[in-house]
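# Structure at a glance
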Amino acid sequence: RTGHRHAPLRRATAASAMRAALPLLLLSLAAAPAAAFTFPALATPGLRRQAAAGAGARCVSAPALRHGILGALPQSAATQLSVRGALHSRSGRGALLRMDAGGGARVPLVVGLNKYSHDAAVCIARRDTGETLLIWSKERLTRKKHDAGDTADLLQTALESIDRSLEDVELVVSNNHHFRVLPYEANRDQLAWSAALGHVDASYASEHNLVPGATHRELSHHLAHAWSAAAQAPFASGLVVVMDGMGESLSAMRAAKAAGDGEYYSDLNLEGGAQFPASLDELVSAARHGFRESETAYTFSTSPDGAITLKPVAKRWVEERSPPTLYNSGFENMESLGGVYSRASSVIFGDWNACGKVMGLAPWDSLWSSEAAKTSEGGTYMEGAPLDEAGLKVNWEGLQVPPLNSKAKYGDVDAGAAGTGPPASAEAVVAARIAAAVQRDLEQVAMATVKRLKAETGEANLCIAGGVGLNSVLNGRLARELGFTETFVPAYPGDDGIAVGCCAWGLHGASEGSKAAWKGPLSPYQGPAYSDETVDEAVEAAAGWLNARRVEDEGELVQETAELLASGKVVAWYQGRSEAGPRALGHRSILADPRNASMVSHINVRVKSREPFRPFAPSCLAPHAHEWFEGMAGEGVTGAVSPYMSLTADVIPAKRRDIPAVTHVDGTSRLQTVEESAEPLYFRLISAFFKLTGIPMVLNTSFNTLPKEPITESPSDGIRSFLYAKGAIHTLVMGKWVLTRKDCPIPTDATITIEEAELLVPRRAGPFIFETTETVTDDSSAANVPRTRVAMPAAPTAPPGEGWVVLTDPLEAEILVAADGETSVADMLQEFVTKGMEDDDVTAEEVLERLAHLYDLALLSF
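The structure presented is a predicted model; accordingly, all values stated were derived computationally and were not measured. (Residues numbered from 1 in each chain as written. Predicted model: local features only at pLDDT ≥ 70, side-chain atom pairs only at ≥ 80, totals over all residues. Heavy atoms only, no water.)

## Focus on the packing of aromatic side chains
Scanning the entire structure with this criterion turns up 13 aromatic pairs. Relative to Tyr204, the ring of Tyr116 lies with its centre 5.3 Å away and its plane at 35°, an arrangement referred to as tilted. With Tyr116 in the loop between strand E4 (109-114) and strand E5 (121-126) and Tyr204 in the loop between helix H7 (188-196) and helix H8 (207-210), this residue pair connects regions lying 88 residues apart in the sequence. In this structure Tyr116 comes out as buried when scored by relative accessible area, which is 10%. Their ring planes at 25° and their centres at 6.2 Å tell us that Phe349 and Phe613 sit as a pair that is stacked. Taken together, the residues Phe349 in helix H12 (residues 337-349) and Phe613 in the loop between helix H21 (598-607) and strand E21 (617-621) connect sequence positions 264 residues apart. Here the aromatic cluster, defined as three or more aromatic residues joined through ring pairs, consists of Phe349, Trp364, Trp368, Tyr410 and Phe613. (Phe/Tyr/Trp six-rings, centres within 6.5 Å; stacked < 30°, edge-to-face > 60°. Helix = DSSP H or I, 4+ residues; strand = E, 2+ residues; numbered from the N terminus. Buried < 20%, exposed > 50% of the residue type's maximum accessible area, 1.4 Å probe, protein only.)

## Concerning the confidence of the model for the protein chain
Counting all residues, the mean pLDDT for the protein chain is 85, and 84% of those residues have values of 70 or more. Note that residues 1-59 has pLDDT below 50 and, in this model, 104 contacts with residues that lie over four places away or in other chains. Overall, residues 70-103 carries pLDDT values under 50, and its contacts beyond four positions in sequence, including any with other chains, amount to 97 contacts. (pLDDT = per-residue confidence, 0-100. Contact = heavy atoms within 4.5 Å.)

## A few points about the sheet that holds E5
If you trace the 6 strands from one edge of the open sheet to the other, you get E6-E5-E4-E7-E8-E10, paired in mixed fashion. Looking at strand neighbours, the two that pair on one side only are strand E6 (132-137) and strand E10 (264-265), the edges of this open sheet. Here E4 runs beside strand E7 (residues 169-175); their pairing, made up of 6 bridges, is parallel. Directly across from Asn114, in E7, lies its bridge partner Asn175. Helix-sheet contacts for helix H5 (residues 152-161) involve E4, E5, E6 and E7, and the interaxial angle to E5 is about 35°. Running at roughly 145° to E4, helix H18 (residues 498-508) makes contact with E4, E5, E6, E7, strand E8 (215-219) and E10 of the sheet. (Pairing = 2+ DSSP bridges. Axes fitted to C-alpha atoms, helices over the stretch in contact; angles between N-to-C directions.)

Here it is as structure tokens:
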């Protein structure tokens, strides 16, 4: 039996009527006096006030409205409003309302894009000054981790957030290492045809994806990685090592050079540098598919007048061992450092992009494996010298085993209690053995390679880029053990950093005489800005589930938060612009007391619903890092720094028992060093905690609690993530708001008086659809258990799009139907207990339990 119930439609009908009338409303208001402007609820209070004050209107997209991203509107003597049709965004989030700006000086922009591949991203900078205005990943907008595809919504929302438009974009530099961008986009009729057939999204052919009025260039993959680091390194010269899984194809580079394609810039435009293998041409002619770059080394130098010169040192090409049209472009079959590590990730977790989990699992091997297992399982997976004629040798037989993810169960292991508790399955032991072996191999090969490059080039400083640069254990060893004066890893060494590299080359390398405009590392806090009004609206929208208190004094806010942490509470800390890159660095963070070992299990299992073996990082005051972590810099002490949580270091043995929640089972920590100049508010918070506890750090993990979602972005995302934790996060500090979750008014013992029930009136969070399905089999003795789920986009915890939430049973759905804001709990008890559900009796306790569960899911409030 399958039943669908669309309930109720009154609000939806009203909303549809409002949207239908909106063009006429706005057109009729265009000639009205400023004081007469009355905007519908579609606009934010900030936008309403701007319009009433006579500010120039501008284009506001559906994604921007959803996220509450509104830059300062350009001022104009007259306000002109128009509606150009009912244009809908591809995500279905609502109509695109265009408002034409009547003023504002044009600002020339350079836009860097990583598009069509995973981790699509944008970087926008002023062409005249080089100032970066925004660095943002598509995943933060769509809520799909590592999201790929076109960048239309991303660029449109990004431009609106900085109050700019397509007309301001002068130069676009892009990369997609799977296929060339500009030849693909050149045939716009073909793109439109493909979109009409549904082969690609309609936005592929949109102006915001193609940016027709700008000059376009392409930069090859490893050069983009190199520029992302070299252009903002804290030193004037150094070695740049790019290591990832799959780079640009050799055929694309050679075809562009042969055709004299001036729109495409690759390593073949540079002179010098060794190529491996030396017999490349012979191998290419015999290859079934093609070759791609895998590891590349460059040197860079910055002249006194600011010009950056990048020179190739060595590059290795690897054969595509399977057709690039296969799953994930054959990535896991590449004989690159990143490809082999990713292959191990697929074997262990069934996910090529779970390499961070591999790194976190590896140290458990020393606790779980017997000496016999260490010699029989997880042998050598890769060895050799990639940037040498010897090449890299890969043990593919050992990596051809079936994935372990469905069988490896990790039981009650607790990383915060010195690795107590054995894993629940033998497969988990094997998984740790493989993780340890591939991590060991990566470190041995990469360390030897970079050591040799340092000797050959004589460079004193090191930059690391490419996906392998996310391996903080390797980064820590490179920084500490090879004698480099300084080591720099950008906040985004992975493919989201490609957009930054493209933008950097567009600013500093795309034309003769370009000068460096970035004088050092960029701030990682480069996401969109959200106004106080947007935060207030998000809090108000979830008022049915939140206790909200506003604290105006920043010092009081910091002190209260520090006291909560010191008392053992888990706090979500949401402040300012979001971080670029995959690490939470104190703007979208979940914080806890590093002294409390139980926090590891609590946050892993209850807050983030993930594997219990995962470690947590400390955010440590930079002046005190050397007192707790070996080889780190501190006040008056030279050493390594880790402002972007890029390095792992050994915790000083005598200190390990003091901070068990951020000390992994092998005695290490992947730490963030926090400077007051870089993030003063976060520095003040940690300092307040230090004063209370004597510990100059807090546990810091990314603020995301929903499965498969990236770090929270908008205020509504933050509240959704907070509520989804169902009380496992005690407090959310968002801007000036201190938020806790309201207790459900239904008693935990599911008993209530008639008087109490009459006073409780539940209201669903919005219109919804639910469906109940029942599986019927030939086995008459088998119980047919119905499965009910609901889609309620307006609920604070609703998954993106038309995501479904599974309910306990059909009774919960019927209670949602009845929760109209007028029917009391007493009325519901009378209705359901008296009449029951079809052939089933319903008890008062069942009704109350379902009401409490629906409140817990934030599908209704009282």
